[in-house]
Amino acid sequence: PRIEYNTDGTSKGLLVEEARTNLVVQSNLSNWLTTGGSSISTNYASSPENTQNATALIANSIDCRAYVAKTLSGSGHTFSVYAKKGENRYLMLRLSASVGQYGRYFDLQDGVLSSETGSGSASSIQEVKDGWYRCSITTADTPTSSQNVLLASTNQDGTESGSVTSGVGVYLFGAQLEAGAFPTSYIKTEGAPATRSAAVAPIPV
C-alpha cells in the first residue's frame, strides 16, 4: 500500500485516491516549448525524489516561459508542478481556456499564493521539502490551447512585462495535467499520458 506523509516525515496513513490520468506526455518538461526569452536545462538539480532529474527554467530576455499545447475536451482540469526557488523567487502558472486565461502567481520563497489573473479558478501551494513546493491551478472551464509555466519578477506581473533579469531561473519537476477539481499525487510520464488506477482498501467484516 502507498502511505501518505506529512511534510515533517511523519505518516498520515494510507493514501487512497481515485483513478487519474496525467495528460502531460513528458512530466520532466524536457520536450516543452519555450519562448525566445527562456531556455530549459534538464537534469539540472536534485528533485523531491532526491535524484538529479529536476529541470531549470532560465530567463534569457523577455517573455520567459515554458509551455505545452494540449487541446482538451470536457470541463474541470487541474495543472500542477513542483517548483523551487532558484535565482528567481516568483512563478506563474497559467491555463488558457475558451473564455479567457487563468493565471496564479506563487511566491517560492515564503511558500504563499500571490495575485490571480482572471476569475473562476482555484489555486494551492503545498510545501514538500528542501525548498520544494507543489503549485497547482484549477479551472472549471475547458483549457483549449496551452498550459504555461512562467517566470515572474514580482507577485503581480508576468514575464510579458520584460522585467525578469536575464540569467535567473527556477527549478521544476513533475508537471501534471489532469481532469478533476484538485491535484492528486504525481504520475510520471515518459512520452505518453499515464494513468494511475484507483486505490482500493477493503476491510473484511
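So, how was this worked out
- Residues numbered from 1 in each chain as written.
- Predicted model: local features only at pLDDT ≥ 70, side-chain atom pairs only at ≥ 80, totals over all residues.
- Heavy atoms only, no water.
- Helix = DSSP H or I, 4+ residues; strand = E, 2+ residues; numbered from the N terminus.
- Buried < 20%, exposed > 50% of the residue type's maximum accessible area, 1.4 Å probe, protein only.
- Contact = heavy atoms within 4.5 Å.
- Areas by Shrake-Rupley, 256 points an atom, 1.4 Å probe, with all protein chains shown as cover.
- Pairing = 2+ DSSP bridges.
- Phe/Tyr/Trp six-rings, centres within 6.5 Å; stacked < 30°, edge-to-face > 60°.
- Lys NZ or Arg CZ within 6 Å of the ring centre and 35° of its normal.
- Core = buried A, V, L, I, M, F, W, Y, C linked by side-chain atoms within 4.5 Å.
- Patch = residues over 30% accessible without salt bridge, like charges linked within 9 Å, V, L, I, M, F, W, Y side chains within 5 Å.
- Salt bridge = Lys/Arg side-chain N within 4 Å of Asp/Glu carboxyl O.

## A look at the overall build of the chain
Then, number 1: Counting its secondary structure elements, the chain contains 0 helices and 16 strands.
Then, number 2: Taking all 205 residues of the chain together, 46% fall into the buried category.
Then, number 3: Taking contacts inside the chain between residues at least 6 apart in sequence as the whole, the part at least 24 apart equals 66%.
Then, number 4: About 9400 Å² of surface is accessible on the chain, with carbon and sulfur atoms providing 49% of the total.

## Focus on the pairing of strand S13 (residues 132-139)
Then, number 1: With 8 of 8 residues buried, S13 is to be regarded as a mostly interior element.
Then, number 2: Burial along S13 is two-sided: the residues Trp132, Arg134, Ser136 and Thr138 and Tyr133, Cys135, Ile137 and Thr139 are all buried.
Then, number 3: Note: strand S8 (residues 77-85) against S13, 8 bridges, orientation antiparallel. From the neighbouring strand, Phe79 faces S13, where its bridge partner is Ile137.

## Description of the packing of aromatic side chains
Then, number 1: Within the structure shown, the criterion is met by 4 aromatic pairs.
Then, number 2: With a centroid separation of 5.9 Å and 50 degrees between ring planes, the pair formed by Tyr82 and Phe173 is classed as tilted. With a gap of 91 residues between them, Tyr82 in strand S8 and Phe173 in strand S15 (residues 169-179) connect regions that are remote in the sequence. Here the two residues Tyr82 and Phe173 agree in accessibility, since each one is buried.
Then, number 3: Above the ring of Phe182, the side-chain terminus of Arg20 is found at 4.6 Å from the ring centroid.

## Describing the nonpolar core
Then, number 1: Among the nonpolar cores identified, the biggest contains 21 residues, and Phe79, Leu91, Leu93, Leu108, Cys135 and Leu172 are the most heavily contacted of them.
Then, number 2: Counting residues per element, the ones that place at least two in this core are S8, strand S9 (90-97), strand S10 (100-107), S13 and S15.
Then, number 3: Counting 8 residues, the second largest nonpolar core, distinct from the first, contains Ala54, Ala56, Ile58 and Tyr82.

## Focus: a nonpolar patch on the surface
Then, number 1: A grouping of Ile3, Tyr5, Leu14 and Val16 is seen on the molecular surface, where their side chains present a nonpolar patch of about 380 Å² in accessible area.
Then, number 2: With respect to the element layout, Val16 can be found in the loop between strand S2 (11-14) and strand S3 (20-22).

## Quick word on the pattern of salt bridges
Then, number 1: Counted by the stated rule, this structure contains 8 salt bridges.
Then, number 2: The salt bridge partner of Glu17 is Arg196, with a shortest N-O separation of 3.6 Å. Taken as a pair, Glu17 in the loop between S2 and S3 and Arg196 in strand S16 (residues 194-196) lie far apart in primary sequence, 179 residues in all. Taken as a pair, Glu17 and Arg196 share a single burial class, namely buried.
Then, number 3: Salt-bridge contacts for Arg89 lead to Asp110; the nearest nitrogen and oxygen are separated by 2.8 Å. Of the two residues, Arg89 is situated in the loop between S8 and S9 and Asp110 in the loop between S10 and strand S11 (112-117); the sequence distance between them amounts to 21 residues.

## A word on the pairing of S15
Then, number 1: Along S15, 10 of the 11 residues are buried, which leaves the element largely enclosed by surrounding structure.
Then, number 2: Judged from the 4 bridges that link them, strand S6 (residues 54-59) and S15 form a sheet pairing that is antiparallel. Looking at S15, one finds that Ile58 is bridged to Gly169.
Then, number 3: In this structure, S8 lies alongside S15, joined through 8 bridges in antiparallel fashion. If you follow His77 over to S15, its bridge partner there is Ala179.

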